[in-house]
Structure formats: structure tokens, C-alpha cells
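Residues per chain are reported as follows:
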Amino acid sequence: MRSLATCYSEHAIKVSDSYCSGPSSNQSYLSPNQTPSIPDAVTCIYKVKLSSPSGKTLFINLTWCKELLTQGLITIYVSDTISCPSSRNNNANSHFLGKVKGSATFQSCNSKIEVYWDLSSAYYDTGPEPISGFYVVVLVDSELGLVLGEMEDEEETSDDHEWFKRKSLAMKSSLVSRSEHFSGNAIYSTKAQFSDSGMAHDILIKCSGDHEGGSRNPPVLSVCIDNKTIFQVKRLKWNFRGNQTIFLDGLLVDMMWDLHDWFFKESSSGSAVFMFRTRSGLDSRLWLEEKNLGQKGQDKAEFSLLICACKNPG
């Protein structure tokens, strides 16, 4: 008897299949005059496990924002449940780290949280998240919980940064959720690693009309992974919600889209939502997982990528 995993994978789109791997001149995804939108906010949620007697699990939520000419504005929020990353509303327990370098201490989840950061020499690409030349360190009850970036050698030997020398003793942390907020044209490009042992994949989502014979056709949703088109959704005004299963790095990944507000919401605040989430069980459902994640799924929380896009169906 075939395994349930085999049955699922047969009906899923396999990214390793020949039609979406290797070079292909007839599958060019973007024309030279098409430029992806730039995210104006990126939120990452890290799961950390305390090694103290309590052994509790905490979720560290870091948001990187871009406002006008300023990049790298950080907001940190620590919780004992994984919160929905789609909300950009300020939480009463959020702490804004406005300076490019400094430290902050606050209480959360009955724990003392210490944050040390330095963005003074940070290098950015196009989005609000630095890619090098920075560090962010979070201590929970004096235990190293999260270390992002790197420190210069001369700082690493400084007595003021003695805590950084303990980075090898840090609690095991993992990225469980990443959300990106876009505004601009309806082309969204990002990277995602769906498992610790998997590779980082290039993901590109495009929502635009087809041009055939000089006429403009209804918008079509196209999803591309590693420079190859994986699937397309036509008649998008009718198929404004849906999901597709992808077999990637040995995992079942559900891709969900919801473009209702783009087509049916009068206000300009309407936004589309695209989500990729690794499935925690072969018989689980994406919508049920989202509903119950904060209640009973903490120990099973897998990686999810959420893209929120301001109204612009292109």
C-alpha cells in the first residue's frame, strides 16, 4: 500500500520537476521593463526555547520599517504565543528602538528582556531589513535568546560586550514566520527557506493582465520559484481566493491567495494576501492551522511566509 505522503506528493506541484527546473528561454518571467515592488516593512518571528528550569517557549517579533529616507527602524515585541504577522497595528507591549545604536530593557511574559543593537554601519539592499554590518542581540533572563548579524572584532573583545562572547551558548532559535508589506506595482519578489536543511528559494509573485492582440485581458496571478513559473491563476476576479499545494525540499507547502479587497473593496486601503506555509501534518488544513496556531500549535509551528500588498491589481 502506498503511503499517504506519496499520494499527497503526486497531486502537488513538484518544484524539482523538469518543467520548472533548469534554464528555459520560453519561460522568461519578467520583461526588462518590469521591476518588483520594494517592501516597506518586514516582520520576522523567532521561536526561542528557554534553558532555565521553566523551559518555556517565547516568540520574539522583530519589525523592520522604511520611512521616507530612513531604513532599519526596529520594533520588538515578545510574547508567549505566536501572533498573526499580518497586523501592522501598534501593540501596547511593542517597544520601538528608534536610535541606530543602543540598548533597552523591559519586562514581558514574566521575563526580563534585554536588547542590544547597532545599525550605525548597516548595509541595506532595497528593503528596510539590513543584510550586513549590523547586529541585534536579545537576552531573556540573562540568557542569549537571539543573535542577528555580526559584530566587529574589536567590539567582540570589549568588556562592554562580554555577553556577546556567549553567543555559542544561545538558546536554540528558529525563524517560524516572515511577513512582508508591499506598496507599488503588483510584482513581489522575496526569498524564503522553508526548512533548516533546505536551500533559500527565490519567490516571485506577479498579478497583471495579459496583452494579446493589443487588448487588455483580466488579471492573471503567476507564481514563480527559482526563476520558473510554477502555476498561474486566470479569471482572477472570479478566482480571487484559493490555494495550491507545492512539494518543495521534501515538504508539502501550501500557497494561499486572497485578493478579495483588490476587486471588491471601495477603499484604497484594500490589500491582497499571499501566504506560503509548510504543512505540519498530512491531514491538516491551512485555514484551521491559522485559526488554532496560537492555542495548541506552538510546538508544531512550521515556517510561514506572508506577503501583504496594497491595492493595485495591475
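Residues numbered from 1 in each chain as written. Predicted model: local features only at pLDDT ≥ 70, side-chain atom pairs only at ≥ 80, totals over all residues. Heavy atoms only, no water.

**Some details on the overall build of the protein chain**
Scanning the protein chain for helices and strands turns up four helices and 20 strands. In the protein chain, buried positions account for 45% of the 314 residues. Within the protein chain, contacts between residues at least 6 apart in sequence are counted, and of these 53% link residues at least 24 apart. Accessible area of the protein chain: about 16,700 Å², with a carbon and sulfur share of 48%. (Helix = DSSP H or I, 4+ residues; strand = E, 2+ residues; numbered from the N terminus. Buried < 20%, exposed > 50% of the residue type's maximum accessible area, 1.4 Å probe, protein only. Contact = heavy atoms within 4.5 Å. Areas by Shrake-Rupley, 256 points an atom, 1.4 Å probe, with all protein chains shown as cover.)

**Regarding the pattern of salt bridges**
Within the structure shown, the criterion is met by six salt bridges. Between Lys 101 and Asp 118 there is a salt bridge; the shortest N-O distance is 3.8 Å. On the criterion of sequence distance, the pair formed by Lys 101 in strand S6 (residues 101–108) and Asp 118 in strand S7 (residues 111–118) is long-range, its members being 17 residues apart. (Salt bridge = Lys/Arg side-chain N within 4 Å of Asp/Glu carboxyl O.)

**Re the packing of aromatic side chains**
Enumeration according to the criterion identifies nine aromatic pairs in this entry. Look at Phe 240 and Phe 264: their rings are 5.2 Å apart centre to centre, the planes differ by 70 degrees, and that puts the pair in the edge-to-face class. Linking Phe 240 in the loop between strand S16 (228–233) and strand S17 (241–248) with Phe 264 in helix H3 (residues 260–264), this pair joins segments that are 24 residues apart in sequence. Judged by its relative accessible area of 41%, Phe 264 falls in the partly exposed class. Taking the centre distance of 6.4 Å and the plane angle of 65 degrees together, the rings of Phe 263 and Phe 264 count as edge-to-face. (Phe/Tyr/Trp six-rings, centres within 6.5 Å; stacked < 30°, edge-to-face > 60°.)

**A few points about the sheet that holds strand S10 (residues 135–140)**
An order of S6-S7-S10-S11 is seen for the four strands of this open sheet, with the pairing classed as antiparallel. Two strands in the sheet have a free side with no partner beyond their single neighbour: S6 and strand S11 (143–149). Recorded for the sheet is a direction-independent mean angle of 15 degrees between the axes of neighbouring strands. Across six bridges, S7 lies against S10 in antiparallel orientation. From the neighbouring strand, Glu 114 faces S10, where its bridge partner is Leu 139. (Pairing = 2+ DSSP bridges. Axes fitted to C-alpha atoms, helices over the stretch in contact; angles between N-to-C directions.)

**Points about the nonpolar core**
Counting residues in each nonpolar core, the largest one holds 31 residues, and the members touching the most others are Leu 259, Phe 274 and Phe 276. Discounting chain neighbours no more than four positions away, the residues touching Phe 274 are Tyr 188, Ile 205, Leu 221, Met 255, Met 256, Trp 257, Leu 259, Leu 305, Leu 306, Ile 307 and Ala 309. (Core = buried A, V, L, I, M, F, W, Y, C linked by side-chain atoms within 4.5 Å.)

**Let's talk about the environment of Tyr 124**
In this fold, Tyr 124 is placed in strand S8 (residues 123–124). Judged by its relative accessible area of 14%, Tyr 124 falls in the buried class. In this structure, the C-alpha to C-alpha distance between Tyr 124 and Gly 72, residues 52 residues apart in sequence, is 8.5 Å. The residues touching Tyr 124, leaving out its near neighbours within four places in the chain, are Gln 71, Gly 72, Leu 119, Glu 129 and Pro 130.

**Regarding the confidence of the model for the protein chain**
In this model, the protein chain carries a mean pLDDT of 77, and residues with pLDDT of at least 70 account for 67%. Confidence drops under a pLDDT of 50 for residues 154–159, and excluding neighbours within four residues, the segment shows 11 contacts in the predicted structure. Note on residues 287–300: pLDDT under 50 across the span, and 23 contacts to partners over four residues away in sequence or across chains. (pLDDT = per-residue confidence, 0-100.)

**Quick notes on unusual backbone geometry**
Positive phi is not limited to glycine here, since Asn 110 has a value of about 60 degrees. Given the relative accessible area of 79%, Asn 110 is considered exposed. For Arg 235, which is not glycine, the phi torsion reads 45 degrees and is therefore positive. Considering the arrangement of structural elements, one finds Arg 235 in the loop between S16 and S17.

**Examining the pairing of strand S18 (residues 251–258)**
Across the eight residues that make up S18, a large majority, seven, are buried. With eight bridges connecting them, S17 and S18 associate as antiparallel partners. Directly across from Thr 245, in S18, lies its bridge partner Asp 254. Hairpin connection from S17 to S18: two residues lie between these consecutive antiparallel strands, with Asp 249 at a positive phi of about 55 degrees. Pairing of S18 with strand S19 (residues 271–278) involves six bridges; the strand directions are antiparallel. Bridging across to S19, Trp 257 finds its partner in Phe 274.

**A short note on the pairing of strand S12 (residues 173–182)**
In the case of a regular strand, side chains alternate between the two sheet surfaces. Of all the 10 residues making up S12, seven are buried; the element is thus mostly covered by neighbouring parts of the structure. Bridge count for strand S2 (residues 39–49) against S12 is nine bridges, and the pairing is antiparallel. Across the sheet, the residue bridging to Ala 41 is His 181, located in S12. Taken together, the six bridges between S12 and strand S20 (residues 304–310) define a ladder with parallel strand orientation. Following the sheet pairing, Ser 179 is matched in S20 by Leu 306.

**Notes on the environment of Gln 71**
Relative to the helices and strands, Gln 71 resides in strand S4 (residues 70–79). Classification of Gln 71 by relative accessible area gives partly exposed; the value is 25%. Between the C-alpha atoms of Gln 71 and Asp 40, which are 31 residues apart in sequence, the distance is 9.0 Å. Sequence-distant contacts of Gln 71, that is, excluding residues within four places in its chain, are made with Cys 65, Lys 66, Tyr 124, Thr 126, Gly 127 and Pro 128.

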